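So you can see what is in the structure, the chains are spelled out below.
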Amino acid sequence: CLLANKLASLDPFGVGIEMEADKPNWFDSLNGLPGLLGSSICETFELKRLILIIKEALDKAATEKLSVTEEIYNFLIELNNLIRDYFDNNPPEKDYLFWDKSHCLKEEYRHKTKLGFSGNETPLERAALIDILDNALKKIDSGLSKAKEKNKDIYCAYFINEATEFEPLKSPYVRPVKFIQKKLPLFLEGQMHAIRLAKNTDAARNLYKATKTSLLYDKKLKMYKVTAPLASMSEEIGRCRIFSPGWLENESVWLHMEYKYLLELLKH
């Protein structure tokens, strides 16, 4: 259920997961970003981790078939069809089309389940579920690759997705038909989630080196800052932007996040 809903919440570029609940994630002082159609790869990485956990559980399971609610079953099957279309066809607007169609599926699912599930279950073959999971991983990895800084092993964590073209509907509604994506400066949180899922020690080491040579590292204190400088951003992104650099969530050493990052380093 969580997998299906989050997979249908990728932004119009397939990179981050949208802040559709009107709240940012752990970094709550980005409280303006949801209003700018914000998205984050921190949740995309955790969606990938969820899929890997489910795959690991399936590897250990003796059953070849499991039952899921019919609403989730249909949601997963339709999403899998969209992902196949995404990779089989290659129109220039394929990211937008996946975004539009996957969100329609999610809205349809939520409409059906607004007052609860029907109670009917549908058998799902283990092999069919693994196929869905593998396709979802492929889609997620294609998006995460776009979040990497050019020629660097470091990730942009947050994005503004600005609708640049739209069609008017019944007032006051519009349908967006084209977006541009704007990257925010670096956040340590993004590197923490990335290094957690580094595929091997070499990948983790490259990310570590890139982070240490970035603006996230305070050379004088020899500690990691929670953000790179935010001066280039509008105050619209949230209250972190109005703090002086080094104060609260603007370029400070936020010990909680630094320890989370160091913990993932120790695991590697």
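Scroll up for the structure.
Bear in mind that the values here come from a model prediction, so they are computed numbers and not experimental data.

About the cut-offs
- Starting from 1, residues in each chain are numbered consecutively following that chain's sequence as written.
- Local features are withheld for residues below a pLDDT of 70 in this predicted model, meaning they are given only at 70 or higher, and side-chain atom pairs are given and counted only at 80 or more; totals for whole chains, interfaces and linings count all residues.
- To get the side-chain values, all heavy atoms of the structure are used, and hydrogens and water are removed first.
- Helix numbering and strand numbering both begin at the N terminus, where a helix is a DSSP run of H or I of at least 4 residues and a strand a DSSP run of E of at least 2.
- Atoms considered for the radius of gyration are the C-alpha atoms alone. The globule rule reads 2.2 Å times the number of residues to the power 0.38.
- The classification of residues rests on relative accessible area computed with a 1.4 Å probe and restricted to protein chains. Under 20% of the type maximum is buried, over 50% is exposed, and intermediate values are partly exposed.
- The contact definition used throughout considers only heavy atoms, calling two residues in contact when any of these lie within 4.5 Å.
- Only C-alpha atoms enter the line fits that serve as axes; for helices the fit covers just the stretch in contact. Angles between N-to-C directions range over 0 to 180 degrees.
- By definition in this entry, angles of less than 35 degrees are roughly parallel, angles greater than 145 are roughly antiparallel, angles of 65 to 115 are roughly perpendicular, and the rest are oblique.
- Crossing handedness: left-handed means the near helix sits turned counterclockwise from the far one by under a right angle, and right-handed means the same turn made clockwise.
- Under the scheme applied, nonpolar residues are Ala, Val, Leu, Ile, Met, Phe, Trp, Tyr, Cys and Pro; charged residues are Asp, Glu, Lys and Arg; polar residues are all the others, including Gly.
- Each cavity reported here is a set of points on a 1 Å grid over the protein atoms alone in which a 1.4 Å probe fits but cannot get out, each pocket an open set with protein on both sides within 12 Å along at least five of seven lines, and each lining residue one with an atom within 4 Å of a point.
- Grid points are joined across faces, edges and corners, and a volume is the space filled by probe spheres set on the points.
- By nonpolar core we mean a set of buried residues, namely Ala, Val, Leu, Ile, Met, Phe, Trp, Tyr and Cys, connected to one another through side-chain atoms within 4.5 Å.
- Criterion for a salt bridge: a side-chain nitrogen of Lys or Arg within 4 Å of a carboxyl oxygen of Asp or Glu.
- Take the number of residues in a helix, subtract one, and multiply by 1.5 Å to get its expected span.
- What the arc measures is the spread of directions leading from the helix axis to the C-beta atoms.
- Strand pairing requires that DSSP identify at least two bridges connecting the strands.

A. Representation of the overall build of the protein chain. Of the regular secondary structure elements, the protein chain holds eight helices and eight strands. For the protein chain, the C-alpha radius of gyration of 20 Å lies close to 18 Å, the compact-globule estimate for 268 residues. Projected onto its principal axes, the C-alpha positions of the protein chain cover 60 × 55 × 35 Å. For the protein chain, the proportion of its 268 residues judged to be buried stands at 44%. Sequence separation of 24 or more characterises 72% of the internal contacts of the protein chain that already satisfy a separation of 6 or more.

B. Looking closely at the packing of helix 2 (residues 41-60) against helix 5 (residues 126-147). Helix 5 packs onto helix 2 with a crossing angle of 155° between their chain directions and a minimal axis gap of 10 Å. With respect to helix 5, the element helix 2 is oriented roughly antiparallel. The element helix 2 and its partner helix 5 pack so that their crossing is left-handed. Residues Ile41, Thr44, Phe45, Leu47, Lys48, Ile51, Leu52, Ile54, Lys55, Leu58 and Asp59 of helix 2 lie in contact with helix 5, whose contacting residues are Arg126, Leu129, Ile130, Leu133, Asp134, Ala136, Leu137, Ile140, Asp141, Leu144 and Ala147. Tallied by class, residues from the contact of helix 2 with helix 5 come to 15 nonpolar, one polar and six charged.

C. Main features of the layout of surface pockets. Each pocket or cavity is described by its volume, and for the largest pocket that value is around 520 Å³. Taken together, 22 residues make up the lining of the largest pocket; nearest its centre are Glu18, Trp99, His103, Glu107 and Pro176. At eight residues, the largest contribution of residues to the lining of the largest pocket is made by helix 4 (residues 94-112). Its residues assigned to classes, the lining of the largest pocket comprises eleven nonpolar, three polar and eight charged. In this structure, the second largest pocket encloses a volume near 380 Å³. Lys148, Tyr155, Ala198, Lys199 and Ala203 are, among the 18 residues lining the second largest pocket, the residues nearest its centre. Those elements that place two or more of their residues in the lining of the second largest pocket are helix 2, helix 5 and helix 7 (201-212).

D. Molecular detail of unusual backbone geometry. A cis amide bond links Ser171 with the next residue in sequence, Pro172, at an omega value of 10°. Looking at the secondary structure, you find Pro172 in the loop between strand 5 (158-168) and strand 6 (174-183). A positive phi angle is found at Leu37, which is not glycine, with a value near 55°. Position of Leu37 relative to the elements: it lies in the loop between strand 1 (17-18) and strand 2 (38-40).

E. Region of the structure containing the nonpolar core. Counting residues in each nonpolar core, the largest one holds 64 residues, and the members touching the most others are Leu30, Ile41, Tyr158 and Leu184. At nine residues, the largest contribution of residues to this core is made by helix 5. Discounting residues that sit within four places of it in the chain, Ile41 has contacts with Val15, Gly16, Leu144, Ala147, Tyr155, Cys156, Ala157 and Phe159. Counting residues in each nonpolar core, the second largest holds five residues, with Leu186, Ala210, Leu216 and Ala228 among its members.

F. Up close: the pattern of salt bridges. In the structure shown here, the tally under the stated rule is 22 salt bridges. Note that Arg239 is salt-bridged to Glu249, the shortest N-O span being 3.8 Å. Highlighted residues: Arg239 in the loop between strand 8 (223-224) and helix 8 (255-267) and Glu249 in the loop between strand 8 and helix 8, separated in sequence by ten residues. Note on Arg239: relative accessible area 31%, which makes it partly exposed. Counted as one network, the salt bridges with shared partners bring together Glu46, Arg49, Arg196, Glu264 and Lys267.

G. Molecular detail of helix 8. The end-to-end C-alpha separation of helix 8 is 18 Å, in line with the 18 Å expected for 13 residues at 1.5 Å each. Within the span of helix 8, buried status applies to Met257, Glu258, Tyr261 and Glu264. Down the axis of helix 8, the smallest arc covering the buried residues is 125°, so these residues share one side. More than 90 degrees from the buried face of helix 8, the exposed residues found are Tyr259, Leu266 and Lys267.

H. Quick look at empty space enclosed by the protein. Here the structure, examined in full by the defined rule, presents one cavity of 30 Å³ or more. Examining the composition of the lining of the largest cavity, we find that four residues originate from one element, helix 4, more than from any other. Looking at the lining of the largest cavity, its residues break down into four nonpolar, two polar and three charged.

I. View of the sheet that holds strand 1. One open sheet accounts for four strands, arranged 1-2-5-6; its pairing is antiparallel. The open sheet is flanked by strand 1 and strand 6, the only strands paired with a single partner. In this sheet, strand 2 lies alongside strand 1 in antiparallel orientation, the contact comprising two bridges. Opposite Glu18, over in strand 2, you have Ser39 as the bridge partner.

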